[in-house]
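Spelled out, the chains give:
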Amino acid sequence: MLTHSYTYALTDVLFDQSDEFIGIYDPIRQWFVRVNEAGYRLFGYASESDFLAQPDRRFRAQPITETYRQLMLRQLDETGHYAEETDLYRADGQTFWGKVRIWPLHHDGQQQ
């Protein structure tokens with residue numbers, strides 16, 4: 001069985017080495033607290049800190065409504081995941097088509 005330090009090291013490697021966007025999103029703040037290199041580059045930022053500090057905090061070309069957000073959360077609760085294809089927004093204003101996939105995090109049996 002892996003110890004916590006090995007588990008965290010393995011998680012960091014998988015997070016940092018992925019060639020797909022991986023981000024950890026805080027639903028309370030309604031913004032990311034961590035984004036990997038593939039993620040911030042995909043959206044046209046030079047660094048994770050630049051991405052996290054963006055003032056308008058948006059990555060969707062069309063912002064979601066509160067009603068739609070509640071539907072997403074209900075699906076996450078019922079099925080354990082959420083996915084959609086939508087227009088996304090880069091730092092330079094260009095939009096691109098992408099697939100958004102969301103899974104809740106669990107830590108010690110608690111959904112985060």
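One can find the structure itself at the top, above this paragraph.
Residues numbered from 1 in each chain as written. Predicted model: local features only at pLDDT ≥ 70, side-chain atom pairs only at ≥ 80, totals over all residues. Heavy atoms only, no water.

(A) Representation of the nonpolar core within the structure. The biggest cluster of nonpolar side chains holds twelve residues, and these are Trp31, Phe32, Val35, Tyr40, Phe43, Tyr45, Phe51, Leu52, Phe59, Leu88, Phe96 and Val100. Those elements that provide at least two residues to this core are β2 (31-35), α3 (48-52) and β4 (95-102). Counting residues per element, this core draws most heavily on β2, which supplies three residues. Not counting the four nearest positions on each side in its chain, phenylalanine 96 is found in contact with Leu42, Phe43, Thr86, Asp87, Leu88, Tyr89 and Arg90. (Core = buried A, V, L, I, M, F, W, Y, C linked by side-chain atoms within 4.5 Å. Buried < 20%, exposed > 50% of the residue type's maximum accessible area, 1.4 Å probe, protein only. Helix = DSSP H or I, 4+ residues; strand = E, 2+ residues; numbered from the N terminus. Contact = heavy atoms within 4.5 Å.)

(B) Layout of helix α4 (residues 66-79). When the terminal C-alpha atoms of α4 are compared, their 20 Å separation across 14 residues agrees well with the 20 Å that a helix rising 1.5 Å per residue should span. Of the residues making up α4, those classed as buried are Arg69, Met72 and Leu76. Down the axis of α4, the smallest arc covering the buried residues is 60 degrees, so these residues share one side. Exposed and oriented more than 90 degrees from the buried face of α4 are Thr67, Asp77 and Glu78. (Expected span 1.5 Å × (residues − 1). Arc of directions from axis to C-beta.)

(C) Geometry of a nonpolar patch on the surface. Residues Ile64, Tyr68 and Leu71 make up a contiguous nonpolar surface patch of roughly 220 Å² in combined accessible area. Looking at where isoleucine 64 falls in the secondary structure, it is placed in the loop between α3 and α4. (Patch = residues over 30% accessible without salt bridge, like charges linked within 9 Å, V, L, I, M, F, W, Y side chains within 5 Å. Areas by Shrake-Rupley, 256 points an atom, 1.4 Å probe, with all protein chains shown as cover. Salt bridge = Lys/Arg side-chain N within 4 Å of Asp/Glu carboxyl O.)

(D) Summary view of the pairing of β2. When strand β1 (residues 23-26) meets β2, the two strands line up antiparallel, connected through four bridges. Among the inter-strand pairings, tyrosine 25 is bridged to a residue of β2, identified as phenylalanine 32. In this antiparallel pair of consecutive strands, β1 and β2, the connection spans four residues, and glutamine 30 shows a positive phi of 60 degrees. (Pairing = 2+ DSSP bridges.)

(E) Region of interest: the pattern of salt bridges. Overall, the coordinates contain seven salt bridges when judged by the stated rule. The closest approach of N and O atoms between arginine 41 and glutamate 37, which form a salt bridge, is 2.7 Å. Of this pair, arginine 41 and glutamate 37 are both found in helix α2 (residues 37-42), four residues apart, which corresponds to roughly one turn of the helix. Residue arginine 41 is classed as exposed on the basis of its relative accessible area of 54%. Residue classification places glutamate 37 among the partly exposed residues on the basis of a relative accessible area of 38%. Here the salt bridges share partners, and the residues they tie into one network are Asp16, Arg34 and Glu48.

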